[in-house]
Amino acid sequence: MAERLLGKEVAAALNEKIKGQVAQLKEKGINPTLGIVRVGERPDDLSYEKGATKRCETLGVAVKKFLLPADVTQEELMATIKQVNEDDEVNGCLIFRPLPKHLDEGAVIKALDPAKDVDGITDGSMVGVFAGKAQGFPPCTPQACMEILDHYGIDCTGKKAVVVGRSLVVGKPAAMMLIKKNATVTICHTKTVDMPSVVKEADIVIVAAGRAGVVDDTYVSEGQVVIDVGINMNAEGKLCGDVAFDKVEPIVKAITPVPGGVGAVTTSVLVGHVVEAAMRKYM
Ligand code: NAP
């Protein structure tokens, strides 16, 4: 049976580090604060907001909410982003997306100060990820994957890594982060030919395809580390990943469960970014 790479253990270690940094900031009279911009009341947003707010509270980070109605105008939303940018109390900002269809999301993202972009959505943050520089912040989900690898002492140097998925939110930044860790990286997508043989050759596999069970026992081999980013609902209404866990776990060396893997780390990464933003500004 594979070793289970548990998100809660990684999050607990990150939380301890964050608490130490928050204490250092508070000693200097700085109260790290996350700004949340939410338009409307989508259940997904409310649920993530609840988790992020709770995580902030337990780590001593304040939350300032900027709540707008679903029919907010572009001008009103842009004015709110300007307010967030100019608010010295707010160190980092989370904007829930997708925004309602009548709003220009690209313009909203462009307006956000990259120094406060703790969710890694601005071009400035992307440049940071692709150039391997501490500019803006990487998106939280691929960074959560890297935190899992680091926590469990999985050295990527010289290893073959395969990322399944090429989105700008997960797949592409994950591949760049693995390159920074000196892995040799291949990205697979829907046009990849003979994906099972490509994935089988890897030492480390990150799966972010958004399709339940897309990677099964025909894709994997002994000794592999498998990180499953997927969050899907199966036919019984239960959460499941992009990896067919029951078929893959008996073969590979280590695997993240869903739930309890990557998803359990992302809010700690987000709060860590808020604290880092405050430290970059004041320490
Ligand atoms: P996305 O934008 O839909 O991108 C999916 C990517 O996977 C695309 O590049 C697509 O290829 C590729 N793909 C889809 N089916 C494939 C297949 N059968 N074989 C090979 N490649 C395939 O999704 P995303 O936003 O990156 O999210 C990926 C997954 O992560 C989703 O399940 C999402 O719910 C989850 N997620 C989890 C967290 C977390 O905190 N754990 C956070 C964000 C997202 P093409 O480019 O060719 O279409």
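The rules behind each value
- Residues numbered from 1 in each chain as written.
- Predicted model: local features only at pLDDT ≥ 70, side-chain atom pairs only at ≥ 80, totals over all residues.
- Heavy atoms only, no water.
- Near = heavy atom within 4 Å.
- Polar contact = N/O pair within 3.5 Å; in protein donor to acceptor, adjacent residues only side chain to side chain.
- Areas by Shrake-Rupley, 256 points an atom, 1.4 Å probe, with all protein chains shown as cover.
- Nonpolar A, V, L, I, M, F, W, Y, C, P; charged D, E, K, R; others polar.
- Pairing = 2+ DSSP bridges.
- Helix = DSSP H or I, 4+ residues; strand = E, 2+ residues; numbered from the N terminus.
- Contact = heavy atoms within 4.5 Å.
- Axes fitted to C-alpha atoms, helices over the stretch in contact; angles between N-to-C directions.
- Buried < 20%, exposed > 50% of the residue type's maximum accessible area, 1.4 Å probe, protein only.
- Lys, Arg positive; Asp, Glu negative; His and termini not counted.
- Salt bridge = Lys/Arg side-chain N within 4 Å of Asp/Glu carboxyl O.

1. Remarks on the site of the ligand
1) Next: Near the ligand, the surroundings consist of 22 residues, among which Thr141, Arg166, Ser167, Thr190 and Val229 are the closest.
2) Next: Measuring from an oxygen atom of the ligand, one finds a side-chain N or O atom of arginine 166 at 2.7 Å.
3) Next: For the ligand, the accessible surface in isolation is 930 Å², of which the surrounding protein chains cover 71%.
4) Next: Partitioning the shell around the ligand into residue classes produces nine nonpolar, ten polar and three charged.

2. What about the sheet that holds strand β1 (residues 3-4)?
1) Next: Within the open sheet, the six strands sit side by side as β1-β11-β8-β7-β5-β6. Their pairing is parallel. Where the open sheet ends on each side, the last strands, each with one partner, are β1 and β6 (184-188).
2) Next: In this structure, strand β8 (residues 225-228) lies alongside strand β11 (residues 254-255), joined through two bridges in parallel fashion. Across the sheet, residue valine 225 finds its bridge partner in β11, namely alanine 254.
3) Next: Each of β5 (160-164), β6 and β7 (204-207) touches helix α7 (residues 171-180); the most contacted strand, β5, lies at about 170° to it.

3. A look at the side chain of aspartate 228
1) Next: Relative to the helices and strands, aspartate 228 is located in strand β8.
2) Next: Buried and unpaired, aspartate 228 has arginine 4 as its nearest opposite-charge partner, separated by 12 Å.
3) Next: Polar side-chain contacts of aspartate 228 include one of 2.9 Å to the backbone nitrogen of aspartate 242.
4) Next: Those residues within four positions of aspartate 228 in sequence are excluded, and the remaining contacts are Val207, Gly241, Asp242, Val243, Thr256, Val258 and Val262.

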